[in-house]
Amino acid sequence: MNKVRVRYAPSPTGLLHIGNARTAIFNYLFARSRGGDFLIRIEDTDVKRNVIGGEASQLDNLRWLGLDWDESPDKGGPYGPYRQLERLDLYKEYAEKLLDMGMAYKEYKEGSNKYAIRFKVPADKEYVFNDMVRGTLRFQSKEVEDWIMIKDNGIPTYNFAVVIDDHFMKITHILRGEEHITNTPKQMMVYEAFGWDIPMFGHMTIIVNEKKKKLSKRDQSIVQFISQYRELGYLPEAMLNFIALLGWSPAVNQEILSKEDIINHFDSSRLSKAPAMFDVVKLAYINKEYVKKMSPEAFVELCKPHLEKAGIDVSNPVWVADLCSLLHERTAYGAQIVELHHAFFHGSFEIEPEALEFLKSEDTLQVIKAFKKQLTMSNFNADDIKESIKDVGKRLNVKGKSLFMPCRIATTGAMHGPDLPKSLSLLGKEVAISRINKTIEILENKA
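Residues numbered from 1 in each chain as written. Predicted model: local features only at pLDDT ≥ 70, side-chain atom pairs only at ≥ 80, totals over all residues. Heavy atoms only, no water.

Asks: Quick question: what am I supposed to make of helix α4 (residues 158–168) here?
Replies: Working note: α-helix, 3.6 residues per turn, so residues spaced by three or four point in the same direction. Within α4, eight of the 11 residues are buried, which leaves the element mostly enclosed by the surrounding structure. Listing the buried residues of α4 in full gives Asn159, Phe160, Ala161, Val162, Val163, Ile164, Asp165 and Asp166. Looking at the buried positions of α4, the neighbouring elements they touch are β1 (5–8), α3 (88–100), β7 (147–150), β8 (173–177) and α5 (184–194). Downstream of α4 by one or two residues, lysine 170 has phi in the positive range, about 55°. (Buried < 20%, exposed > 50% of the residue type's maximum accessible area, 1.4 Å probe, protein only. Helix = DSSP H or I, 4+ residues; strand = E, 2+ residues; numbered from the N terminus. Contact = heavy atoms within 4.5 Å.)

Asks: Can you walk me through helix α15 (residues 382–396) in this structure?
Replies: The terminal C-alpha atoms of α15 lie 22 Å apart, and with 15 residues this matches the ideal 21 Å at 1.5 Å per residue to within 8%. Buried within α15 we find Ile385, Ser388, Ile389, Val392 and Gly393. Axial view of α15: buried residues confined to an arc of 135°, hence all on one face. Structural note: α15 exposes Asp383, Lys394 and Arg395 on the side pointing more than 90 degrees away from its buried face. (Expected span 1.5 Å × (residues − 1). Arc of directions from axis to C-beta.)

Asks: Explain the packing of helix α13 (residues 353–361) against helix α16 (residues 401–412) to me, please; I cannot follow it from the model alone.
Replies: When two helices pack together, their arrangement is given by the angle between the helix axes and the distance between those axes. Put simply, α13 and α16 touch, their axes get as near as 10 Å, and they point 130° apart. Taken together, the axes of α13 and α16 are oblique relative to one another. Note that α13 runs across α16; the crossing there is left-handed. On the side of α13, the interface is formed by Ala355, Phe358 and Leu359, while α16 contributes Lys401, Met405, Pro406 and Ile409. (Axes fitted to C-alpha atoms, helices over the stretch in contact; angles between N-to-C directions. Parallel < 35°, antiparallel > 145°, perpendicular 65-115°, else oblique. Left-handed = near helix turned anticlockwise from the far one by under 90°.)

Asks: Could you clarify how one ought to interpret the environment of lysine 75 in this entry?
Replies: By the secondary structure assignment, lysine 75 is in the loop between α2 (54–64) and α3. Sequence separation between lysine 75 and isoleucine 40 is 35 residues, and the spatial gap between their C-alpha atoms is 9.4 Å. The contacts of lysine 75, once residues within four sequence positions are left out, are Trp69 and Asp70. Engagement of the side chain of lysine 75 in a polar contact is seen with the backbone oxygen of tryptophan 69, the distance being 2.6 Å. (Polar contact = N/O pair within 3.5 Å; in protein donor to acceptor, adjacent residues only side chain to side chain.)

Asks: Mind showing me how you'd approach the sheet that holds β7 here?
Replies: Two orientations exist for strands paired in a sheet by backbone hydrogen bonds: parallel and antiparallel. Here we have three strands laid out as an open sheet, ordered β3-β4-β7, and antiparallel in their pairing. Each edge of the open sheet is held by one strand with a lone partner, namely β3 (104–108) and β7. The mean angle between the axes of side-by-side strands here comes to 45°, regardless of whether they run parallel or antiparallel. Examined bridge by bridge, strand β4 (residues 115–119) and β7 share three bridges and lie antiparallel to one another. Bridging from a neighbouring strand, isoleucine 117 pairs with isoleucine 150 of β7. (Pairing = 2+ DSSP bridges.)

So this is what it looks like as structure tokens:
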């Protein structure tokens, strides 16, 4: 059997979208799981839509996701060039062959000597192929009109160029989105016209949002470009893990999978026939699992740029390390450290309704006043604050929830949160005492 060869063929028209990233990832996984080749070809014939830096951006974001490839414009290879605009002579040569064979014809532009070349669709022919995802699919030629292969400006259309490229690059399998299903019979016509082997096709289902509507680039409720996730401080390993599960499931009952795990488990027969839902909660969960495994030093490096960007003073490395240590377990992605920082170090102090009910239902005022007294005398590091809470408990003979909850609510306004002594040491004595005074005032006024 021929060596497996697959390709990802983006247009350099913009940023790397989640859907395109999934196409690249599935082709990459298919190749690596079969010991095959994965190549990148740039389909740049839509000149008006090409953007400066589009190709470089695509490749950079694929590298960030952890993909590597065997052939590409930047790497070269035996079947190049790997940009379509550099292959125009080849398309012209094979279009003329079809003209000579009577399988295509010229269509002149009115009042001009310019012409397009159309493929002559065979009459009453059935095109059948076994889709790797969907099984047997059938199309009747009468449903397809004669289609343009070469436009009057000499640029090939997608359905013609892709066949020439895939044939000469020896592509064996093509995994792509379901929007290409109707393109398949046109491409089969070209393969058959030249007597070439037809690759195996597999058409992946669409990605839908939580409302089960197709993911649209206009949908503002979901971040959809890989570069945006990079900017938010998501981890590439987590993104690869999450995207690989959009329309594929491993045989093992496991969601957190390394790249090596995914390659080892990847089986195209387990590609889903049902639409894949983009679950933002699941993405956050997967990324958080990877964040938890980061070393303290790596986590600081992840978070520091986001703190700086938000105007938070990071000049004290000990304070930054303590802050990151405090919030590490709660952070799902880098930029969230800012949100968590602001939630704790906010200027205005409010007690959550449930927390206030707790304070009013228990004899907490005495505990809070004693805690304030101890903090006033404290050196205000985490260890001293911890001892202060213990001293209050011994002095008043209270423990457990009756001790810890009033101390937490009086200083944070909430019943739950990160380690309290560490939190207060970062918050500072002045702010903590100020919050306790406000809590005492609230309770005495409402007593």
